[in-house]
Number of protein chains: 2
Amino acid sequence: MAGDLTDPMGPNALREERSKVEFDVEAMKVVWAGGVEEKNIQDRIKTLVANDPVFDKKSRPGLDHKTLVKLSMKKAAHAFKLFQEQNMTEHEATLVRYYVDEPGFADLHWGMFIPAIKGQGTEEQQKKWLPLAQKMSIIGCYAQTELGHGSNVQGLETEAVFDPSADEFVLHSPSLTSTKWWPGGLGKASTHAVVYARLITDGKDYGVHAFIAQIRSLEDHHPLPGVTVGDIGVKFSNGGYNTMDNGLLRFDHVRIPRENLLMRLATVTKEGKYVKSGYPKQLGYGAMVSVRAHIINDASDFLSRAVTIATRYSAVRRQFGGGDGKPEIQVIDYKSQQSRLFPILASSYAFRFVGEWMTTLYDDVMARLQVNDFTTLPEVHACTAGLKSICTSYTAKSIEECRILCGGHGYLCSSGLPELYGAYVPSCTYEGDNTILLFQVARYLIKSLSQVGGGKNPTGTAAYLGNIRRLATENCRVKQGAEWLNYQTVLEAFQARAARLSGACALKLNKAPDLEAAFEEYSTDMGEAAQAHCQVIIVDKFAEKMKSEFPGKGTKDILEVLFFVYSLDLITRHAAEFLSTGYLTSEQLALAKDQLRACFRKVRPNAVGLVDAFGHTDHYLGSILGRYDGDVYPNLYKAAWEEPLNDTVVAEGYEPYLRPILKHQLRQSKL
Amino acid sequence: MAGDLTDPMGPNALREERSKVEFDVEAMKVVWAGGVEEKNIQDRIKTLVANDPVFDKKSRPGLDHKTLVKLSMKKAAHAFKLFQEQNMTEHEATLVRYYVDEPGFADLHWGMFIPAIKGQGTEEQQKKWLPLAQKMSIIGCYAQTELGHGSNVQGLETEAVFDPSADEFVLHSPSLTSTKWWPGGLGKASTHAVVYARLITDGKDYGVHAFIAQIRSLEDHHPLPGVTVGDIGVKFSNGGYNTMDNGLLRFDHVRIPRENLLMRLATVTKEGKYVKSGYPKQLGYGAMVSVRAHIINDASDFLSRAVTIATRYSAVRRQFGGGDGKPEIQVIDYKSQQSRLFPILASSYAFRFVGEWMTTLYDDVMARLQVNDFTTLPEVHACTAGLKSICTSYTAKSIEECRILCGGHGYLCSSGLPELYGAYVPSCTYEGDNTILLFQVARYLIKSLSQVGGGKNPTGTAAYLGNIRRLATENCRVKQGAEWLNYQTVLEAFQARAARLSGACALKLNKAPDLEAAFEEYSTDMGEAAQAHCQVIIVDKFAEKMKSEFPGKGTKDILEVLFFVYSLDLITRHAAEFLSTGYLTSEQLALAKDQLRACFRKVRPNAVGLVDAFGHTDHYLGSILGRYDGDVYPNLYKAAWEEPLNDTVVAEGYEPYLRPILKHQLRQSKL
Ligand SMILES: Cc1cc2nc3c(=O)[nH]c(=O)nc-3n(C[C@H](O)[C@H](O)[C@H](O)COP(=O)(O)OP(=O)(O)OC[C@H]3O[C@@H](n4cnc5c(N)ncnc54)[C@H](O)[C@@H]3O)c2cc1C
Ligand SMILES: Cc1cc2nc3c(=O)[nH]c(=O)nc-3n(C[C@H](O)[C@H](O)[C@H](O)COP(=O)(O)OP(=O)(O)OC[C@H]3O[C@@H](n4cnc5c(N)ncnc54)[C@H](O)[C@@H]3O)c2cc1C
Ligand SMILES: [Ca+2]
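Remember, predicted model here, so these are calculated numbers, not experimental data.

**Overview of the interface of chain B and chain A**
On the chain A side, the residues contacting the 141 residues of chain B number 142 residues. Around 12300 Å² of area is buried between chain B and chain A when both sides are counted, 62% of it from carbon and sulfur atoms. On the chain B side of the interface with chain A, the three residues burying the most area are B:Leu176, B:Phe236 and B:Tyr411, jointly 7% of the side's total. Our count for the contact surface shared by chain B and chain A stands at twelve salt bridges. The salt bridge partner of B:Glu521 is A:Lys335, with a shortest N-O separation of 3.7 Å.

Written out as structure tokens, the structure is:
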């Protein structure tokens, strides 16, 4: 091979970048991880995973679904072996799965099957099933969605008819659309499932309940009699979510013991009588908050990975300019690149802090539930639904934006970004379709506002709506650009816009003869109001975080800059709402834009430091463009030669297809 | 298997939809195709392709890159055989490749290699190379981009040093970053390449020129001595663009005859003297217009496929509501679904009409070039660059939107949408990075405005800027909602916003000491102004199209509705610009939104008819969700069983990995 195939430019660029950083990156790593101790644990586990060859993922995007699922089972087995050998805590084990970075059946087993039993099983049931699940003597999944029903859970069709003569439920799939469809881990791995089915006893349909059903033999893994089960096929993107065996499941009069109804909320007696347990339904809501806190943390994690890749590569990549011995311009120096990249960087931190806050929210909810205080639940419900919706939508969109910011090379799987997107984007759909979630928020806002009218002020994240009169009338007072760099000014702007949008929606509904029809008709406005409300929460929690102490030189200063990048960028992107509600004038908007550009200038020298602070290993990033050392080009080149197509010098298609074309022998050749 | 696995609901829904359509779908098909004759040709070819088993693409998303490239070579050979056997016209042959719907080496051969020779070769060179290429005695690709340079073509590093002693150029890759990287068809298929390299003669570098280089043997397809060539690896998404062998290429002092320099613009004499031919560079610009017209037509085509899938499925899919024997609500009846779906539907038509106009623009440019009239070129250049940028960006984004609108099932490859996105999205990057293209438009706008100051009015698509004084001062006069439903009112609004944004940019630059620095600083504003200008063009051409006659009952009426959906939706989404420039008041904006919602109601009964009018075959759509017959669920179910993972009842990973987990034998097992 000809010539020198090294290239010092990339590593030099990142070294230079790192020398310019103005804050203490090690201290920021602690901020990001959420404490010194947590950082130490994470560092240990991520290094362990990165150094273990079984967890290698380099060739993943080139593998087919079947191979991917098989390898993912191998990784799961290896991980489980590690948990046991190293006697890991639950937290450590979770971190291993996290850093392995591969969707797989075990996620559903640990993340949905076990929590469902904990949440909906009686103590007796938990005693029976949890040890089996925790030792993985059984593998479970979460079988709710059907071919015909996802969002509308109450419309599920699978039936569980109680047969008192045998003391059994008979699970049955009465139609094609009742086929369970999508559950992860169901396709090929699970032995058991939490199955959602209509409980029918004595001819009466009591609606959807959760049951535990065994679906495969514990001896030879064959489906049990009456059970039809398989994988639903290949999904979006290479690698990505195709390591998962999302499955389908049909029951043909499959019998399960009566005790397999998860009975915390309701039981059926031997005689077939349906009895509510009296256990307050709301006690299960803590789990929801916890799941959604995880989702927000995942959002900040995926976002931080994407922006690490795009930021480092933008510092390595040079295009145009230069000459006279000077190198070309780093594309990170283009303002257009900055204006797309830096808000994503800021959002990673914003989402991290709101996720952190959600864990305290969880503690608060749990403490209240202990004393049967359910008052905050509607607010918590709306807040977490909304945050799930807007954080996942923004993250998905921004991963793609990061890929586009990498130009052509971002389109190669070796950039890591295509897989990141493919694996992430379904979170906009599962755990609640993002559109539908926003409508739930809107309904809560409308209801809250109607109560404000009656003198009852909302609490928690919606408390600001109590000030709607002031917020709706006092406009922004900014006269000079620098006034924008004030937490209170920014927060007020977000509150005023959200309150005004919600207020306008409420007004429209008030005037309407048919509330539901009006809600439908103005659903776009409802969605906007809900989104504005959720942005208030994130801005508020970020501002609150900024009141705390930060370790290390310069960390607080640069986080402050990121706060204003985050918030002023949102104001710019949603300017129509700030303007049309009359809160901002065009001049004030222009001043905000000026400040935003000024903030970009402050971020610029710190950009690489800010992504370094996420502490992602090269293994976890899985990206040549995002390598810590910046040695991009030689490694892109090297990786190309690992492409299986290059195993033969002459393509397999040459003899049968290309040669006949080139030699004008197509007429004779059989294709 | 248990139960009845049919489901009449889907087919019934679409039948019902079709019975409600208010316009003549067959006539609209003619409008879409661009004439009766063209429609007949298209129908014949698309049916031919759809019925040919070699062109089947059902299993494509599950195949690996190597297999995909091989099958794609098979399809290319089969297609070429068809061209010959059926004695097809060039247009018919192009349509075959189009409906085969699979990126492959032949696209570059026909679409880039041959046009490059036509555009840059002398008549003598064309006489030599074109027959070889047209018979496919050679297979060519277009090797411009390098590892280190894409957007900045002038920065390419590959060298072509003239050696007068041998009358040859010596092609050489002097650095790692000079490696050719990305050219489609290069990786495994091509025997020849148009190579862009720095022409160096007598020690002087004359910049980047195009050369024809043979890279593989015509006897055994082995790379020629000194040539290193291979595939760059797997790319975003399953199937999609992975049927293409994007390649890398390095030269180690490879000699090619002097005559292989494409010499239309410049030659090198035997003695090594560089001589410009005197042939005006501008004469090549027609090709650019033609390529970009194709890109816009592709945009409308991809968009129309995505929206066909999402629209039909939204009519089949039901979620919530119903009860008392009534079926649930079709999700297409949710206003939030409509407000995302219908603008995409309208955009498909808008892009189609602007693409149609671009072919007339091409004729106009060619006619002018004949008489050395280059005056319109800057305007044409800006207009086509801008349209490429905004149409491809919108299309990519909207394909994903269509997928999300299909809920969970959209994430399955069998929905067709993941592959559509994967194959489409690189068009935002190639043929000019969309961000950079918008800046070119902005530069043109600024320049035009400065000339308006000097009394010289821009022409063509920029002519409205001549009225900037009026446009900048007269605000919108709409007082009642219905006034929005007026072509002139809408067009004026777009022109005023674009003129004001451009004007504001020009003002900022005028005040700045350093023009380039200011352009950089305000690049976001520049981009916005450019985008606004391009939207003027699309709205204008759509309005112009509406002045023509349309065949069939109701076609014109519904197209008129689509015009207002397209334009009022844009006003809503870019409201900040209409408000902040003072052109619209919040009240006028609210009226526009009301009208938009009213238009959605008019679209609703015609939605399925409007996508039927695209005339896509089920083969071309490649989507179970988008099937013409609406028989979605049974076919999703059937397709799942074709997943290779389901070939064995028990997963391959069971024995080695799952069983040891379940049986607690991990300690003993070797993973
Ligand atoms: C990768 C992946 C993994 C999954 N894993 C699991 C799992 O482990 N277990 C499990 O049980 N399920 C799982 N699911 C299923 C998932 O929970 C559902 O796909 C999700 O709930 C969305 O429901 P849907 O697909 O029915 O969407 P639909 O509700 O059919 O949505 C289609 C469209 O209709 C719109 N729409 C629907 N209702 C309304 C309304 N009332 N108002 C306005 N618009 C509306 C939606 O916004 C959307 O645009 C998974 C899905 C995916 C993609
Ligand atoms: C699927 C695919 C097929 C291709 N096929 C071919 C082919 O057949 N033949 C061929 O020769 N090439 C091909 N290419 C290469 C393609 O033409 C380039 O990728 C494209 O020109 C973009 O250039 P780049 O990758 O260098 O991006 P870059 O220029 O490196 O872009 C990176 C980032 O920098 C930004 N940026 C760069 N310059 C500026 C600036 N001046 N101002 C502001 N921002 C800037 C960009 O906006 C982008 O965000 C293909 C690429 C792909 C993805
Ligand atoms: Ca394979």
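That shown, we press on.
**With respect to the UniProt feature "domain: Acyl-coenzyme A oxidase N-terminal" (unreviewed entry) in chain A**
Feature annotation in UniProt places "domain: Acyl-coenzyme A oxidase N-terminal" (unreviewed entry) on residues 24-139 of chain A, given in this structure's numbering. Here residues 24-139 of chain A is 73% helix and 0% strand, with 45 Å between the C-alpha atoms at its ends.

**Remarks on the packing of aromatic side chains**
All names here are of chain A. Counting across every chain of the model gives 62 aromatic pairs over all chains. Between the aromatic rings of Trp32 and Tyr349, the centroid separation amounts to 5.2 Å while the plane-to-plane angle is 70°, which identifies the pairing as edge-to-face. Note that Trp32 is positioned in helix α2 (residues 25-33) and Tyr349 in helix α9 (residues 335-370), a separation of 317 residues in sequence. Given a relative accessible area of 0%, Tyr349 falls into the buried group. Judged by centre distance (5.2 Å) and plane angle (40°), the ring pair of Tyr349 and Phe614 falls under tilted. In this pair, Tyr349 sits in helix α9 while Phe614 sits in the loop between α20 (607-612) and α21 (618-621), placing the two residues 265 residues apart along the sequence. For the pair formed by Tyr349 and Phe614, the shared burial category is buried.

**Considering the site of ligand 2**
Residues in contact with ligand 2 amount to 30 residues; listed here are only the nearest, A:Arg317, A:Gln337, A:Gly408, B:Thr145 and B:Ser151. Neighbouring residues of ligand 2 are not confined to one chain but are distributed across chains A and B. In the environment of ligand 2, an oxygen atom lies 2.8 Å from a nitrogen or oxygen atom belonging to the side chain of A:Gln337. B:Ser151 is positioned such that a nitrogen or oxygen atom in its side chain is 2.5 Å from an oxygen atom of ligand 2. Protein burial of ligand 2: of its 970 Å² of free accessible surface, 93% is covered by the chains. Of all the elements in the fold, those that place two or more residues in the shell around ligand 2 are α9 and α10 (377-405) of chain A together with α12 (434-453) of chain B. No other element matches α12(B), which puts three residues into the shell around ligand 2. Tallied by class, the residues present in the shell around ligand 2 amount to 15 nonpolar, 13 polar and two charged.

**Observations concerning the coordination of the calcium ion (ligand 3)**
Donor atoms from the polypeptide that coordinate the calcium ion (ligand 3) comprise A:Asp64 (OD) and B:Asp64 (OD), at 2.6 Å from the metal. Here A:Asp64 is found in the loop between α3 (36-51) and α4 (65-85), whereas its partner B:Asp64 is found in the loop between α3 (36-50) and α4 (65-85) on a different chain. A relative accessible area of 26% means that B:Asp64 is categorised as partly exposed.

**Some details on the environment of B:Val307**
All names here are of chain B. Its place among the elements puts Val307 in helix α8 (residues 285-316). Exposure remark for Val307: the relative accessible area of 0% places this residue in the buried category. C-alpha of Val307 to C-alpha of Arg403: the two residues are 96 residues apart in sequence and 9.1 Å apart in space. Ignoring any residue separated from it by four or fewer positions in sequence, one finds Val307 in contact with Leu341, Ile344, Leu345, Ser348, Cys402, Val611 and Phe614.

**Points about the sheet that holds strand β8 (residues 247-251) of chain A**
Spatial strand order, β4-β8-β7 (chain A): three strands in an open sheet with antiparallel pairing. Whereas interior strands pair on both sides, the edge strands pair on one side only; in this sheet they are β4 (180-181) and β7 (227-231) of chain A.

**With respect to the relation of the copies chain B and chain A**
Between the two chain copies there is a screw-like relation: a rotation about an axis and a shift along it. Relative to chain A, chain B is turned by 180° and slid 0.0 Å along the rotation axis, the superposed coordinates differing by an RMSD of 0.0 Å. Both copies are brought into coincidence by an operation consistent with a two-fold rotation axis. Mapped onto chain A, 100% of the interface residues of chain B again fall at the interface, so both copies present the same surface.

**Let's talk about α3(B)**
Compared with the 21 Å implied by 1.5 Å per residue over 15 residues, the 21 Å span of α3(B) between its first and last C-alpha is a close match. Structurally, α3(B) contributes buried residues whose contacts are with α2 (25-33), α5 (90-100) and α21 (618-621) of chain B.

About the cut-offs
Residues numbered from 1 in each chain as written. Chains lettered and ligands numbered in written order. Predicted model: local features only at pLDDT ≥ 70, side-chain atom pairs only at ≥ 80, totals over all residues. Heavy atoms only, no water. Contact = heavy atoms within 4.5 Å. Buried area = accessible area lost by both parts, 1.4 Å probe. Salt bridge = Lys/Arg side-chain N within 4 Å of Asp/Glu carboxyl O. UniProt positions renumbered as here; feature names shortened; annotations may be inferred. Helix = DSSP H or I, 4+ residues; strand = E, 2+ residues; numbered from the N terminus. Phe/Tyr/Trp six-rings, centres within 6.5 Å; stacked < 30°, edge-to-face > 60°. Buried < 20%, exposed > 50% of the residue type's maximum accessible area, 1.4 Å probe, protein only. Near = heavy atom within 4 Å. Polar contact = N/O pair within 3.5 Å; in protein donor to acceptor, adjacent residues only side chain to side chain. Areas by Shrake-Rupley, 256 points an atom, 1.4 Å probe, with all protein chains shown as cover. Nonpolar A, V, L, I, M, F, W, Y, C, P; charged D, E, K, R; others polar. Donors = N, O, S within 2.8 Å, 3.2 Å for Na, K, Ca; no water. Pairing = 2+ DSSP bridges. Least-squares fit on C-alpha atoms with pLDDT ≥ 70 in both. Expected span 1.5 Å × (residues − 1).

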